[in-house]
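# Overview (structure and organization)
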Amino acid sequence: MQSRRLYNGIELPMIGYGTFQIRDSRRCEQCVLDALEAGYRLFDTAASYENEAAVGRALRSSGLPREEWYVTTKLWVQDAGYDGTLRAFDRSLTKLGLDKIDLYLIHQPFGDYYGAWRAMERLYREGAVRAVGVSNFTPERLVDLCMNQEISPMVDQIEIHPFFQQSTALRVMEDYGVIPQAWAPFSEAQKDIFHHKTLTKIAGRHGKTTAQVMLRWHLQRDVPAIPKTVHRERMAENLDVFDFELTEKEMESIAGMDIGHSEIIDHHSFCTARQLNSVKIHG
């Protein structure tokens, strides 16, 4: 497994396993075990996914040494703020059954995320987390946070895929030493992306699937990704991307697929702010 080094020296695996929408406890636990067997070592969950306990059980029962796997979880909007973040962190830690979290992210750029960041700085200094970062922060919000805090985010987990390539966001992150991480690296199958003619032609030339081509595209842009699947064969397929390379012309062809905006969620919209601030994950 290849990795990218965060500015504090922590190595972030280039491909992790995403658990979004795997809410059934038994199924989630089995999927994490299957992913471990396939070779994944980074596991991404969140308080709002309602599966932290299942992810933790699978990892603890794997028999692998703690230092061999990496867990990311996230703070939900409802718990933003200094005190709320500390309480939410304790809940996540208890559900995961761990004494430390590898990467803790602010899930959305809404609510009192400045208070939340101060709490995350405290957790980092105390050694309760190995790295801290954000998720879904657009370039202007990321820059503002970086310029006004003692500890800058180490990761910004954002939507990246061939239809929404986020070139500006990637340049801004590079300027501030923030590592990007792609959620929805397959565009959540929007616009029939798995059968897109550009990807299909490239896949045929390499004897690979379109999913593998997309992950290879992420790797060659130096962007870690967290694909999600519940199928064992696809888990293995998603890791089988280190034995081929896309040509410069193929990378340019995929660049031409960019539509320049998300068709999954618009974080600049007041409707999104209203919707996400209304989601409550506990009483």
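Please read these numbers as outputs of a predicted model, since none were measured by experiment. (Residues numbered from 1 in each chain as written. Predicted model: local features only at pLDDT ≥ 70, side-chain atom pairs only at ≥ 80, totals over all residues. Heavy atoms only, no water.)

## Some details on the nonpolar core
Residues Leu6 and Ile106 are the most contacted members of the largest nonpolar core, which totals 85 residues. Ignoring sequence-local partners within four residues, the contact set of leucine 6 consists of Leu12, Tyr70, Ala131, Met154, Val155 and Ile179. (Core = buried A, V, L, I, M, F, W, Y, C linked by side-chain atoms within 4.5 Å. Buried < 20%, exposed > 50% of the residue type's maximum accessible area, 1.4 Å probe, protein only. Contact = heavy atoms within 4.5 Å.)

## Re helix H9 (residues 232-239)
Listed in full, the buried residues belonging to H9 are Met235, Asn238 and Leu239. The buried residues of H9 occupy an angular sector of 100° when projected down its axis, which confines them to one face. Lining the buried residues of H9 we find strand E3 (17-18), helix H1 (25-38) and helix H8 (210-220). (Helix = DSSP H or I, 4+ residues; strand = E, 2+ residues; numbered from the N terminus. Arc of directions from axis to C-beta.)

## Notes on the packing of H1 against helix H2 (residues 52-61)
In contact at an axis separation of 8 Å, H1 and H2 are set at 40° when each is read in the N-to-C sense. Judged by the inter-axis angle, H1 sits oblique to H2. Of the two elements, H1 crosses H2, and the hand of that crossing is right-handed. Seen from H1, the contacting residues are Ser25, Cys28, Glu29, Val32, Leu33 and Leu36; seen from H2, they are Ala54, Val55, Arg57, Ala58, Leu59 and Ser61. Residue composition of the contact of H1 with H2, by class: eight nonpolar, two polar and two charged. (Axes fitted to C-alpha atoms, helices over the stretch in contact; angles between N-to-C directions. Parallel < 35°, antiparallel > 145°, perpendicular 65-115°, else oblique. Left-handed = near helix turned anticlockwise from the far one by under 90°. Nonpolar A, V, L, I, M, F, W, Y, C, P; charged D, E, K, R; others polar.)

## Considering the sheet that holds strand E8 (residues 155-159)
As summarised here, the arrangement of the seven strands in space is E3-E4-E5-E6-E7-E8-E9, forming an open sheet in which the pairing is parallel. The open sheet terminates on both sides in strands that have one partner only, identified here as E3 and strand E9 (179-183). By the bridge criterion, two bridges tie strand E7 (residues 129-135) to E8 in an arrangement that is parallel. Bridged to valine 134 within E8 is aspartate 156. (Pairing = 2+ DSSP bridges.)

## Focus on the packing of aromatic side chains
For the structure shown, the criterion picks out seven aromatic pairs. Judged by centre distance (6.2 Å) and plane angle (65°), the ring pair of tyrosine 17 and phenylalanine 43 falls under edge-to-face. With tyrosine 17 in strand E3 and phenylalanine 43 in strand E4 (residues 42-44), this pair connects stretches of sequence that are 26 residues apart. On the basis of relative accessible area, tyrosine 17 is assigned to the buried category, the value being 0%. Since its relative accessible area comes to 0%, phenylalanine 43 is described here as buried. Considering the side-chain rings of phenylalanine 89 and tyrosine 104, the 5.2 Å spacing of their centres and the 65° angle between planes classify their relative orientation as edge-to-face. Linking phenylalanine 89 in helix H3 (residues 82-96) with tyrosine 104 in strand E6 (residues 101-106), this pair joins segments that are 15 residues apart in sequence. Accessibility assignment for this pair places phenylalanine 89 and tyrosine 104 in one class, buried. An aromatic cluster is built from Tyr17, Tyr40 and Phe43, whose rings are joined through pairwise contacts. It is lysine 191 that lies over the ring of phenylalanine 163; its NZ or CZ is 5.6 Å from the centre. (Phe/Tyr/Trp six-rings, centres within 6.5 Å; stacked < 30°, edge-to-face > 60°. Lys NZ or Arg CZ within 6 Å of the ring centre and 35° of its normal.)

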